[in-house]
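# Observations on the model geometry
Listed below are the residues making up each chain.
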Amino acid sequence: MKNNYLLGILLSLLALSFNSSAQGIVFESGTWADAVKKARKQKKLLFLHFDQPSCGTCSEVASVAFNSPLIKEKFMLNFISFRIDGSTGIGKELAEKVEAECIPSSVYLDTDENPLARFCGTSSLDRSYLEKAEEAMTKNRQQPLKALADAYAKGDRSSKLMRTYIDRRREAGLSTTELLDTYVQQLPTDSLRSAAVLRFIFEQAPIVGSKADSVFRRDYPRTDSLYRAVGWNKAVELNNYIVNNSLKKAIKEKNELLAFKTAGFRQRTYQNDYKNGVAAREWVMLRYFRGVNDTLQYLARASRYFDNQFMTAKVDSIQNLDHLDNQRRMRGTMPMSGTNLKPGQSSMSFVLNPNTQRFVSALNNAAWEFYNMTRDTVYLKKALEWSKRTLEYREDGTSMDTYAHLLYRLGRKPEALEWQEKAVRLEQERQSPMLSSLQKSLDQMKAGTL
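Anyway, here's the lowdown on the structure attached to this text. Counting starts from 1 at the beginning of each chain's written sequence and moves along it residue by residue. pLDDT decides what is reported in this predicted model: residues at 70 or higher carry local features, side-chain atom pairs at 80 or more are listed and counted, and totals for whole chains, interfaces and linings draw on all residues regardless. As a convention, hydrogens and water are excluded, and side-chain values are obtained from all of the structure's heavy atoms.

## A closer look at the packing of helix α20 (residues 397–409) against helix α22 (residues 435–447)
- Two elements in contact, α20 and α22, have axes whose closest approach is 11 Å; the angle formed by their N-to-C orientations is 20 degrees. What the angle tells us is that α20 and α22 run roughly parallel. For the crossing formed where α20 meets α22, the hand is left-handed. Counting all contacts with α20, which are made through G397, D401, A404, H405 and Y408, the residues of α22 involved are L438, S441, Q444 and M445.
- Taken together, the residues of the contact of α20 with α22 break down into four nonpolar, four polar and one charged. For every element, the axis is a line fit to its C-alpha atoms; helices are fit only across the contacting stretch, and the angle between N-to-C directions ranges from 0 to 180 degrees. Secondary structure elements follow DSSP: runs of H or I no shorter than four residues count as helices, runs of E no shorter than two count as strands, and numbering proceeds from the N terminus. These descriptions rest on fixed angle ranges, namely under 35 degrees for roughly parallel, over 145 for roughly antiparallel, 65 to 115 for roughly perpendicular, and the rest for oblique. In this scheme the crossing of two helices becomes right-handed for a clockwise turn of the near helix relative to the far one and left-handed for an anticlockwise turn of less than a right angle. Contact definition: two residues touch when any of their heavy atoms are within 4.5 Å. In this count, Pro and Cys sit with the nonpolar residues alongside Ala, Val, Leu, Ile, Met, Phe, Trp and Tyr, while Asp, Glu, Lys and Arg are called charged and the others, Gly among them, polar.

## Observations concerning the nonpolar core
- Buried Ala, Val, Leu, Ile, Met, Phe, Trp, Tyr and Cys residues that are joined via side-chain atoms within 4.5 Å together make up what is termed a nonpolar core. Accessibility here uses a 1.4 Å probe with only protein chains present; expressed as a share of the type maximum, an area under 20% marks a residue as buried, one over 50% as exposed, and anything in between as partly exposed. Grouped together as the largest cluster of nonpolar side chains are 85 residues, with contacts concentrated most on Y183, I201, Y288, F306 and W386.
- Here the element with the most residues in this core is helix α18 (residues 354–373); it accounts for eight residues.
- Not counting residues within four places of it along the chain, the set of residues in contact with W386 comprises A302, S303, F306, D307, M311, L363, A366, A367 and F370.
- Core analysis: the next-biggest nonpolar cluster, separate from the first, contains 18 residues, I71, F75, F79 and A117 among them.

## Some details on α22
- One fewer than the residue count of a helix, multiplied by 1.5 Å, yields its expected span. In this model, α22 (13 residues) spans 18 Å end to end at C-alpha, consistent with the 18 Å of a helix rising 1.5 Å per residue.
- Restricting attention to buried positions, one finds in α22 the residues S437, L438, S441, L442 and M445. Taken down its axis, α22 places every buried residue within 140 degrees of arc, on the same side. Along α22, exposed side chains directed more than 90 degrees from the buried face belong to K440 and A447. The arc under discussion is defined with respect to the helix axis, by the directions toward the C-beta atoms.

## Concerning the environment of L438
- Note on placement: L438 falls in helix α22.
- Accessibility expressed as a relative area gives 0% for L438, which makes it buried.
- Counting along the chain gives 382 residues from L438 to G56, while the straight-line C-alpha distance between them is 9.1 Å.
- The residues contacting L438, other than those within four sequence positions of it, are G397, D401, Q420, A423, V424 and E427.

## Examining the packing of aromatic side chains
- Working definition: a ring pair exists when centres of Phe, Tyr or Trp rings (six-membered ring for Trp) sit within 6.5 Å. Plane angles under 30 degrees give stacked, over 60 give edge-to-face, the rest tilted. One pass over the structure, following the stated rule, counts 31 aromatic pairs.
- Seen from their ring centres, F47 and F66 are 5.8 Å apart, and the 85 degrees between their planes marks the pair as edge-to-face. Separated by 19 residues along the polypeptide, F47 in strand β1 (residues 45–51) and F66 in helix α3 (residues 56–66) bring together distant segments of the chain.
- According to the relative accessible area criterion, F47 is buried, its value standing at 0%.
- Given the relative accessible area of 2%, F66 is considered buried.
- Three or more aromatic residues link up through ring pairs in this structure, and these residues are W283, Y298, Y305, F306, F310, F359, F370, Y379, W386 and Y393.
- Lysine NZ or arginine CZ positioned within 6 Å of the ring centre and within 35 degrees of the ring normal marks a charge as sitting over the ring. Against the face of Y152 rests R157, its NZ or CZ located 3.7 Å from the ring centre.
- The positively charged end of R290 is found above the aromatic ring belonging to Y298, 5.9 Å away from the centroid.

## Details of the pairing of β1
- Of all seven residues that make up β1, seven are buried, and the element is covered over most of its length.
- Neither face of β1 is left uncovered, since the one carrying L45, F47, H49 and D51 and the one carrying L46, L48 and F50 both have all their residues buried.
- Note that β1 and strand β2 (residues 79–85) share seven bridges and pair parallel. Considered in β2, the bridge of L48 is made with F82.
- By definition, two strands form a pair when at least two bridges between them are found by DSSP. Sheet topology note: the β1/strand β3 (residues 105–109) ladder contains five bridges and is antiparallel. Along β3, the bridge assignment pairs L46 with L109.

Okay, here's the thing in structure tokens:
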């Protein structure tokens, strides 16, 4: 009896241990301020995850990773975790404060609320969050960002301090525009002709039209030589940063003129490729009007953009292009996509059917945005055309879900139910984390409450 009693206790403890591990990350139930206080008291870092309720699948995908036993152990020892809707209210204010790159996303911070690492979007892979956790812990062991900020606030404007402070803020994903302009303005005139100084300015991706940008671009031959010196891939990367930084500032300040200047810069990066340059310019303006919630401008411009850029191509032509590319890769006559590899990514990896993937993702995302933004049947029918085209490329749960939602919104309930049921069956076979979200939408469609 005694042995059985002890065995029962042991099994109970194991069960409790298993259930605790299966629970994954334990998110704080109080306020963000409470979480910060707790992190300071326990000398831990902060993990802040922003959800976007309009993308239920995104939250479910993230929860798969957050329920990993490996994540629980790492985060329990090193982080105080907090989860909030980043699209509205206090969550939106918090996302703006930490300059979240996107919603949904995750930000890892020190106890002074300075970002250490970021993860844009969501993933069902615990490894994605664990790698970022390691990055945050490593950076936290370096000179704290607060120490640099305090030195700057006390009047230290030495070149060494400012360059380090600018670098650290950029690495943290924080704005460096004012700092960079201050750095440029306090430099001796002869220093502004130094290739090393100009390269440093370039690598900070200065805002289009800013003081730093003007200094960098006022001598075209020198600017051109710096572009050549960093190499093609790095130049493309830096141009992308310049556009993203400038557009972020334009959206924050609702500065349409800066948005137009940024769009013009983006077009010029395509040099003699006029057609793609115009498309890139329009894409920047689309992102601006979407960012400032100018629905009328966005819907009208997006209708033209996606019709011209994605609906004019024939499905079989895009699929044939992928087929030829895949054959070249198999023969080794075309390099695998893998420039700018991420940690852990094999140099032999590549995205299967990248052209199809690009068209499907772009059209599906645009259709879903229209679904969320308007009830105007003209625009909804336009979105339905885009969504239907994605299904001509391939039928997957995400695309079918979008198509079903648009059909339902347009009053075509029987067709909507047919497609949503098909999506549920498909993702059920795949044991997908999307399943519960798809099933919930199906139930709402049946009940007429979607």
